[in-house]
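# Coordinates in review
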Amino acid sequence: MALRGPAGLGPGSRGPLDEVVAAAEGCEAPALVAAGGTLEDDEEDDGRGRGLLRWDGFSAWLHCVCVVGFDLELGQAVEVIYPQHSKLTDKEKTNICYLSFPDSNSGCLGDTQFCFRFRQSSGRRVSLHCLLDQFDKDLPVYLKKDPAYFYGYVYFRQVRDKTLKRGYFQKSLVLISKLPYIHFFHTVLKQIAPEYFEKNEPYLEAACNDVDRWPAPVPGKTLHLPIMGVVMKVRIPTCYDKPGTTQIVQLTQQVDTHISVILPTVHEVDLFRCFCPVFLHSQMLWELVLLGEPLVVMAPSPSESSETVLALVNCISPLKYFSDFRPYFTIHDSEFKEYTTRTQAPPSVILGVTNPFFAKTLQHWPHIIRIGDLKPAGEIPKQVKVKKLKNLKTLDSKPGVYTSYKPYLNRDEEIIKQLQKGVQQKRPSEAQSVILRRYFLELTQSFIIPLERYVASLMPLQKSISPWKSPPQLRQFLPEEFMKTLEKTGPQLTSRIKGDWIGLYRHFLKSPNFDGWFKTRRKEMTQKLEALHLEALCEEDLLLWIQKHTEVEIVDLVLKLKNKLLQADREHLPVKPDTLEKLRTHIDAIILALPEDLQGILLKTGMT
C-alpha cells in the first residue's frame, strides 16, 4: 500500500538548507530528482531559489520510512514506503523485511526497539550526495557515513488481537538512514511510533513533513528539531571536540521552555548495561574489537544483540571500527552464505544473532559471546566466565565468552574494583557508563598516541616544500622502525597496564582497523602537504615570475593554478581562509598581464 504524496504542501513546507547550498555552490545538481518533485519558488529566500527540491530536508536525515507488517500468505511485507518516490531495490526491501522483525523464538511481546545495518545495492546514485558530503569532513571519523551501508532503526509492536487470524498484531515502523545516530533515531521513534500505531498513515505523513522542515545535520551546531509537538535539542559532535566530552550540557544553562527533549548524545549506547554481564572481560573484548577479530554475539532478542554489538564497536572510540558489523543478523540476510561458509576462515566482522540455528552454523567462529537477558539499570547479572569453544553446543548453553584467545595485556584490576564498588553502592548505570567509557578512551588513546607520533614523523619538513615542484611524498611506514620507538615513547608513558604491548601492536598492524586508520591519516597528511604547497605558491611574486617566462609557460601556470583551486574545493584542503582568495587574485592579475586574445580564452576556461 503506497502513500500518496502530500497534497497542498507548497513551498512554505520546505525547511531551510541554506548552509548546505551556500557551501556547495559549484557542485553538480543532485543526481536523483524526486519523482513528481518540483523546484521551489524563486521568490523564496531560504535557498530554494537555488534548486533545492521538496524532500531535500528529509533526505539530509533519512533515506525513507518503512512500515513492515505480517501477511499470512506472504510473511513479512513492506506495506508502506514514505516518501513515495524513495527508491529501494528488491534486495534491499527483502533485507528490510526480515531484519525488521525479531526471530519467532525471541518472544518479544509488547514494544521492542533495535537497530540493524545492511549493504546498499551497488550502482545506486544518492540524491544530495554533493550537498551533504561536506558535513562528513567535520565529523569524528567513527561517525562518518559509510557509502556502502544503510542503518535501519526499528520500533516493533506485537500485541494480542483476537480479531486477527494469527491472534497477534505485528508491525514495525522502520527509519532507514545513512547516519549512525543510534540514540537520536531511537528517541525519534519513541516519540512517533506509539501514536502511529493508533493513527496510521496520516500521522506518518505529518511526521515526515516535520522532518523535512529540520535544519541540515551540521556538526557542532545546536539543533532544534520539532517532531509532532515535541522539540528535540541535539548537537552532533565534531572532530574538533575533545574526546569523551559532551557539549550539549554546557549549552543548556538557560532554561528553554519550548524544549521537550535534550539529548546529551546522538550516537552512544548505554555502555555499562551492555558490558555488565562481561565487564570482568571488557579489556579482552576491547583487544578483540581493536584487532578486528571475527566475533559473534548470541543474545535472546534483537534489542540485546544490537545494543551489545554497537557497544563493542563503540569501545575503541575515537578509533573507527573499519570492518563490517551487523547489530542484528538473520538467516535470511543476503550475506548469510558469505559470512557462515566453512570453506574459508571467518571474516573480520561482528555479528549479533538471536536464532538458535547460529549456534551450529557459527560453531567454527573463534570468539563467541553468549549473553542472557540484559537486566534493567541497577540490577547486575552474574558475571560470565571465559569458556572453551567446544563447550558451546546450542544457544541454550550458559552465558559466557567462548574463546581460546589469550589477551596480550594484563587485566586492569583497578577498573574492575571501581565498577564493582559502583554496583555495591547502586551507582546509576549512566555513571557506570561514564567510568567505563573513560577507561576505554584512555586505553585506546594510550595505544594510538605512539602510532600518531610515529606517523607525524613521516611528514616532510615544511622547508622542503617548493612552490615550483610537486609537493614532497610522505615517508614510508616501516613496522620495525615504529617498534623501535616504543621503547622510549610507548604506551607505558600514559597507561598503568602491563603486558605484551609489542605483540598487540604487531597483531594490530595486520588488521583491517590499522589499514583503515593509516589510509585515513595518510590522506589527511597528503592533503596538508597540498595545502602547504598552495600557501607557498601564494607567497610567491607571480607577476615577477611571468616576466621571465614565455606565454606558453604562463598559460600552463594559469591552468595549473585553476586546477589547484578546484582540488582545494573538491577535497576540502585545510588551507587558511585567505589563501584561496589570494590565489584567485594572482590568477586574475596574471591573465590581465597577457594579450587580449589569450585573456578571452583563459577567462572562458571556467573552473571546470
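Please read these numbers as outputs of a predicted model, since none were measured by experiment.

### Considering unusual backbone geometry
Here tyrosine 82 and proline 83 are connected by a cis peptide whose omega angle stands at -5°. Turning to its location among the elements, proline 83 is positioned in the loop between strand E2 (75–82) and helix H3 (90–99). Between serine 317 and the following residue, proline 318, the backbone shows a cis peptide bond with an omega angle of 10°. Unlike most non-glycine residues, histidine 572 shows phi in positive territory, near 50°. Here histidine 572 is to be found in the loop between helix H18 (551–570) and helix H19 (577–592).

### A few points about the sheet that holds strand E6 (residues 222–227)
Strand order in this open sheet of 3 strands is E6-E7-E8, and the pairing throughout is mixed. Two strands lie at the open edges of the sheet, namely E6 and strand E8 (261–262), each paired on one side alone. Sheet topology note: the E6/strand E7 (residues 230–235) ladder contains 6 bridges and is antiparallel. Pairing of proline 226 across the sheet is with valine 231, part of E7. Along the sheet, helix H5 (residues 182–199) contacts E6, E7 and E8; its crossing angle with E7, the most-contacted strand, is approximately 175°.

### A few points about the pattern of salt bridges
Pairing of side chains with opposite charge becomes possible as their charged atoms draw close. In the structure shown here, the tally under the stated rule is 26 salt bridges. Of the charged contacts in the structure, one is a salt bridge between aspartate 111 and arginine 157, with a shortest N-O distance of 2.8 Å. Highlighted residues: aspartate 111 in strand E3 (residues 110–119) and arginine 157 in strand E4 (residues 149–160), separated in sequence by 46 residues. Here aspartate 412 makes a salt bridge to arginine 496, at a shortest N to O gap of 2.9 Å. Of this pair, aspartate 412 sits in the loop between strand E14 (400–403) and helix H12 (413–424) while arginine 496 sits in the loop between helix H14 (479–489) and helix H15 (501–508), and the two are 84 residues apart along the sequence. Of the residues examined, aspartate 412 reaches a relative accessible area of 7% and is grouped as buried. Residue classification places arginine 496 among the exposed positions, given a relative accessible area of 53%. What emerges from the salt-bridge pattern is a single network uniting Arg117, Arg119, Asp146, Asp324, Arg326, Asp333, Glu335 and Glu338.

### So, the confidence of the model for the protein
Mean pLDDT over the protein: 82, with 81% of residues reaching 70 or higher. Per-element mean pLDDT across the protein ranges from 39 in helix H1 (residues 18–24) up to 97 in H15. Here residues 1–52 scores under 50 on pLDDT; set against residues more than four positions off or in separate chains, the count is 101 contacts. Of the regions scoring below 50 in pLDDT, residues 249–254 engages in 5 contacts with residues more than four places distant in sequence or in other chains.

### A look at the side chain of threonine 187
The topology assignment puts threonine 187 in helix H5. Here histidine 183 takes part through its backbone oxygen, which lies 2.7 Å from a polar atom of the side chain of threonine 187. When near neighbours in sequence (up to four residues on either side) are disregarded, threonine 187 contacts Met232, Val261 and Leu263.

### Focus on the environment of tryptophan 365
Structurally, tryptophan 365 can be placed in the loop between helix H11 (357–361) and strand E12 (367–370). Through-space distance from the C-alpha of tryptophan 365 to that of proline 347 is 9.3 Å; in sequence the pair is 18 residues apart.

### Section: the packing of aromatic side chains
Going through the model one piece at a time under the given rule, you end up with 39 aromatic pairs. Relative to phenylalanine 358, the ring of phenylalanine 336 lies with its centre 5.9 Å away and its plane at 70°, an arrangement referred to as edge-to-face. Here phenylalanine 358 lies in helix H11 and phenylalanine 336 lies in helix H10 (residues 336–340), a separation of 22 residues in the sequence. Residue phenylalanine 358 is classed as buried on the basis of its relative accessible area of 0%. Among the aromatic residues, those joined into a ring-pair cluster are Trp286, Phe447, Tyr454, Phe477, Phe482, Tyr505, Phe508, Phe514, Trp517 and Phe518. Lying across the ring of phenylalanine 325, arginine 117 places its NZ or CZ 4.1 Å from the centre. Looking at lysine 178, its charged tip hangs above the ring of phenylalanine 150, at a distance of 4.6 Å from the centre.

### What about the packing of H18 against H19?
The interhelical angle for the contact between H18 and H19, taken along N-to-C directions, is 155°, at an axis separation of 10 Å. In terms of their interaxial angle, H18 and H19 are classed as roughly antiparallel. Every pair of crossing elements has a handedness; the one defined by H18 and H19 is left-handed. The segment H18 lies against H19, with Ile554, Leu557, Val558, Leu561, Lys562, Lys564, Leu565 and Ala568 engaging Leu580, Leu583, Arg584, Ile587, Ile590 and Ile591. Here the residues of the contact of H18 with H19 sort into 11 nonpolar, no polar and 3 charged.

### Notes on H12
Taking 1.5 Å per residue as the helical rise, H12 with its 12 residues ought to reach 16 Å, and the 16 Å between its terminal C-alpha atoms agrees with that figure. Taken together, the buried positions of H12 are Ile415, Ile416, Leu419 and Gly422. Projection of H12 onto a plane perpendicular to its axis shows the buried side chains occupying an angular sector of 125°, all on one side. The exposed set on the far side of H12, more than 90 degrees from its buried face, consists of Lys417 and Gln424.

### Digging into the environment of glycine 292
Structurally, glycine 292 is set in the loop between helix H8 (282–290) and strand E9 (295–298). For glycine 292, a relative accessible area of 7% puts it in the buried group. Separated by 220 residues in the primary sequence, glycine 292 and proline 512 place their C-alpha atoms 6.4 Å from one another. With residues near it in sequence (within four places) discarded, glycine 292 still touches Tyr321, Ser348 and Asn513.

### Looking at the nonpolar core
A general feature of soluble globular proteins is that nonpolar side chains tend to end up buried together. By size, the foremost hydrophobic cluster in this structure holds 107 residues, and its most contacted members are Trp61, Phe184 and Leu451. By residue number, the principal contributor to this core is helix H13 (residues 429–456), which donates 10 residues. In this structure tryptophan 61 touches Ser177, Leu179, Phe184, Phe185, Val211, Trp214, Pro215, Ala216, Pro217, Leu223, Leu225 and Ile236, once residues within four positions along its chain are discounted. If you look at the next biggest cluster of nonpolar residues, it comprises 24 residues, including Ala531, Leu534, Leu542 and Leu561.

### Describing the packing of H14 against H15
At a minimum axis separation of 11 Å, H14 and H15 run at an interaxial angle of 155°. Viewed along their axes, H14 and H15 adopt a mutual orientation that is roughly antiparallel. Crossing of H14 against H15: the hand is right-handed. Listed contacts from H15 to Glu480, Phe482, Met483 and Leu486 of H14 are Ile502, Tyr505 and Arg506.

Basis of the calculations
- Residues numbered from 1 in each chain as written.
- Predicted model: local features only at pLDDT ≥ 70, side-chain atom pairs only at ≥ 80, totals over all residues.
- Heavy atoms only, no water.
- Helix = DSSP H or I, 4+ residues; strand = E, 2+ residues; numbered from the N terminus.
- Pairing = 2+ DSSP bridges.
- Contact = heavy atoms within 4.5 Å.
- Axes fitted to C-alpha atoms, helices over the stretch in contact; angles between N-to-C directions.
- Salt bridge = Lys/Arg side-chain N within 4 Å of Asp/Glu carboxyl O.
- Buried < 20%, exposed > 50% of the residue type's maximum accessible area, 1.4 Å probe, protein only.
- pLDDT = per-residue confidence, 0-100.
- Polar contact = N/O pair within 3.5 Å; in protein donor to acceptor, adjacent residues only side chain to side chain.
- Phe/Tyr/Trp six-rings, centres within 6.5 Å; stacked < 30°, edge-to-face > 60°.
- Lys NZ or Arg CZ within 6 Å of the ring centre and 35° of its normal.
- Parallel < 35°, antiparallel > 145°, perpendicular 65-115°, else oblique.
- Left-handed = near helix turned anticlockwise from the far one by under 90°.
- Nonpolar A, V, L, I, M, F, W, Y, C, P; charged D, E, K, R; others polar.
- Expected span 1.5 Å × (residues − 1).
- Arc of directions from axis to C-beta.
- Core = buried A, V, L, I, M, F, W, Y, C linked by side-chain atoms within 4.5 Å.

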